[in-house]
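Examining the three-dimensional arrangement
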Amino acid sequence: MNPCLIRICERFETIADFLAHRSPEQDEVVSTLFIDFLECFASLQSEKLEYPKEFQKDVKYYLQGEPVMMKQFEDVEFKYLMLSDFYDFCRLTKRYKQI
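Procedures and definitions
- Residues numbered from 1 in each chain as written.
- Predicted model: local features only at pLDDT ≥ 70, side-chain atom pairs only at ≥ 80, totals over all residues.
- Heavy atoms only, no water.
- Helix = DSSP H or I, 4+ residues; strand = E, 2+ residues; numbered from the N terminus.
- Expected span 1.5 Å × (residues − 1).
- Buried < 20%, exposed > 50% of the residue type's maximum accessible area, 1.4 Å probe, protein only.
- Contact = heavy atoms within 4.5 Å.
- Polar contact = N/O pair within 3.5 Å; in protein donor to acceptor, adjacent residues only side chain to side chain.
- Axes fitted to C-alpha atoms, helices over the stretch in contact; angles between N-to-C directions.
- Parallel < 35°, antiparallel > 145°, perpendicular 65-115°, else oblique.
- Left-handed = near helix turned anticlockwise from the far one by under 90°.
- Nonpolar A, V, L, I, M, F, W, Y, C, P; charged D, E, K, R; others polar.
- Core = buried A, V, L, I, M, F, W, Y, C linked by side-chain atoms within 4.5 Å.
- Phe/Tyr/Trp six-rings, centres within 6.5 Å; stacked < 30°, edge-to-face > 60°.

Take helix 5 (residues 76-92) next. For helix 5, spanning 17 residues, the distance from its first C-alpha to its last is 24 Å, which sits close to the expected 24 Å at 1.5 Å a residue. All buried positions along helix 5 are accounted for by V76, K79, Y80, M82, L83, S84, F86, Y87, F89 and C90. Close packing links the buried residues of helix 5 with helix 1 (3-12), helix 2 (24-43) and helix 3 (53-63). Residue D75 occupies the N-cap position of helix 5, its side-chain oxygen lying 2.8 Å from the main-chain nitrogen of E77. Directly after helix 5, the chain includes K94, whose backbone phi takes a positive value near 60 degrees.

Let us now look at the environment of I15. Mapping I15 onto the fold places it in the loop between helix 1 and helix 2. Of the residues examined, I15 reaches a relative accessible area of 3% and is grouped as buried. When the C-alpha atoms of I15 and V30 are compared, they prove to be 7.9 Å apart, with 15 residues separating the residues in sequence. For I15, the contacting residues outside a window of four places in its chain are Q26, V29, V30, L33 and Y80.

Looking now at the side chain of Q56. Its location among the elements puts Q56 in helix 3. Other than its neighbours up to four places away in sequence, Q56 contacts F41, K48, L49 and Y51.

A few words on the packing of helix 1 against helix 2. Packing of helix 1 against helix 2 brings their axes to within 10 Å, and their N-to-C directions diverge by 160 degrees. As the angle between them shows, helix 1 and helix 2 are arranged roughly antiparallel. Of the two elements, helix 1 crosses helix 2, and the hand of that crossing is left-handed. From helix 1, C4, L5, I8, R11 and F12 reach across to helix 2, where they touch T32, L33, D36, F37 and C40. Split into classes, the residues belonging to the contact of helix 1 with helix 2 amount to seven nonpolar, one polar and two charged.

This part is about the nonpolar core. In this structure, L5, F37, F41, Y51, F55, L83 and F86 are the most contacted members of the largest nonpolar core, which totals 30 residues. If you list the elements that add at least two residues to this core, you get helix 1, helix 2, helix 3 and helix 5. Element by element, the count of residues in this core is highest for helix 5, at eight residues.

By the definition in use, this model includes 15 aromatic pairs. Between the aromatic rings of F41 and Y51, the centroid separation amounts to 5.7 Å while the plane-to-plane angle is 65 degrees, which identifies the pairing as edge-to-face. On the criterion of sequence distance, the pair formed by F41 in helix 2 and Y51 in the loop between helix 2 and helix 3 is long-range, its members being 10 residues apart. Each member of the pair, F41 together with Y51, is buried. When the ring of Y51 is compared with that of F86, the centres are 5.4 Å apart and the planes differ by 40 degrees; the resulting orientation is tilted.

Printed below as a string of structure tokens:
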């Protein structure tokens, strides 16, 4: 697993209580982590093909400025849910092991 994706997972673990204890500071952390994820995932070469097409498409369309994706991800909760889905996928497939 690419080191930048490992860092994303590690940082995601620090915001596990986001939905229950949301704050402006956590919104900022989630938004920053989401942008970091987009940049990291987009930079992958063949490794990105090992991940579900939903991640590939969402990242691609968001970075292309697709209006529906841009509107959807204005909501910080959607950003969090995408990060959560990615984290869960990595854990379930044993690509990432919690530290």
